[in-house]
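# Chains, contacts and geometry: an overview
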Amino acid sequence: MAVEQHSVEIKLQEAVQQLRGQGVRITPQRQAVLAYLIEADTHPTADEIYKALSPKFDSMSVATIYNNLKVFKECGLVTELTYGDAASRYDFETANHYHVICTSCGKITDFQYPRLDEVEQIAQHLSGHQITHHRMEIYGICPECAKKEER
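Residues numbered from 1 in each chain as written. Predicted model: local features only at pLDDT ≥ 70, side-chain atom pairs only at ≥ 80, totals over all residues. Heavy atoms only, no water.

The chain carries the name Peroxide-responsive repressor PerR in an unreviewed UniProt entry, which gives Macrococcus bovicus as its organism. Of the comments in the UniProt record for the chain, the one headed Subcellular location (unreviewed entry) reads "Cytoplasm". Database annotation for the chain, UniProt heading Sequence similarities (unreviewed entry): "Belongs to the Fur family." (UniProt positions renumbered as here; feature names shortened; annotations may be inferred.)

Moving on: the domain arrangement of the chain. Annotation of the chain at the domain level lists domain 1 (1–92) and domain 2 (97–150). Relative placement of domain 1 and domain 2: their C-alpha centres are 23 Å apart. Contact between domain 1 and domain 2 buries roughly 610 Å² in total, counting both sides, with carbon and sulfur atoms accounting for 49%. Among the residues domain 1 hides against domain 2, the three largest losses belong to His 43, Tyr 83 and Asp 91. Together they make up 64% of the total. Across the domain 1-domain 2 interface, the total number found is 0 salt bridges. The tally of links between domain 1 and domain 2 comes to 6 residue pairs in polar contact (both at pLDDT 80 or more). (Domains from an automatic or database assignment. Buried area = accessible area lost by both parts, 1.4 Å probe. Salt bridge = Lys/Arg side-chain N within 4 Å of Asp/Glu carboxyl O. Polar contact = N/O pair within 3.5 Å; in protein donor to acceptor, adjacent residues only side chain to side chain.)

Over the atoms rolls a probe the size of a water molecule, and its path tells where empty space is left. When its volume is computed, the largest pocket comes out at roughly 360 Å³. Lining the largest pocket are 16 residues, with Thr 79, Asn 96, His 97, His 134 and Arg 135 positioned closest to its centre. Contributions of two or more residues to the lining of the largest pocket are made by strand S1 (79–81) and strand S3 (98–102). Of the residues contributing to the lining of the largest pocket, the split by class is 4 nonpolar, 7 polar and 5 charged. (1 Å grid on protein atoms, 1.4 Å probe; cavity = no way out; pocket = protein on both sides within 12 Å on 5 of 7 lines; lining within 4 Å. Points joined across faces, edges and corners; volume = space filled by probe spheres on them. Helix = DSSP H or I, 4+ residues; strand = E, 2+ residues; numbered from the N terminus. Nonpolar A, V, L, I, M, F, W, Y, C, P; charged D, E, K, R; others polar.)

So, about the side chain of Thr 27. Among the secondary structure elements, Thr 27 is positioned in the loop between helix H1 (2–21) and helix H2 (28–39). Accessibility expressed as a relative area gives 16% for Thr 27, which makes it buried. A polar atom in the side chain of Thr 27 sits 3.0 Å from the backbone nitrogen of Arg 30. (Buried < 20%, exposed > 50% of the residue type's maximum accessible area, 1.4 Å probe, protein only.)

The positions UniProt marks with the feature "binding site: Fe cation" (unreviewed entry) are His 134. Looking at where His 134 falls in the secondary structure, it is placed in the loop between helix H5 (117–127) and strand S5 (137–140). Note on His 134: relative accessible area 23%, which makes it partly exposed. Residues contacting His 134, with those up to four places away along its chain left out, are Tyr 98, Arg 115, Leu 116 and Glu 120. (Contact = heavy atoms within 4.5 Å.)

As structure tokens, then:
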């Protein structure tokens, strides 16, 4: 657990340095949102972040969360995950990876797999598009929901 907390602190320090390097002022609220995103493995929505942090910050609003997420996204610290009409979710892990999404509860789990560069090359060749990126999602039932369904 101590190693994990140490890793969070290092990631937070690196993120703060990156923001400062891009001229972004570091406020306690901004730092709290960053720390929450680093620690969360749930890919939270802005509302979830607000509900978690607002008790600690009297002046925090949902707008504050959205504004900070926009700054983090523009600085390359977070990725916004959009899924149709559902609220956007935010992922601090910006390195290439994929997601498995539970069709029952909506939980999003990261998984690593070799990047599908070949698919991008084939798509570019066959379509004539200049491919910039791709996104792959796998859907299923998470272990927790599967256990509930067994009951």
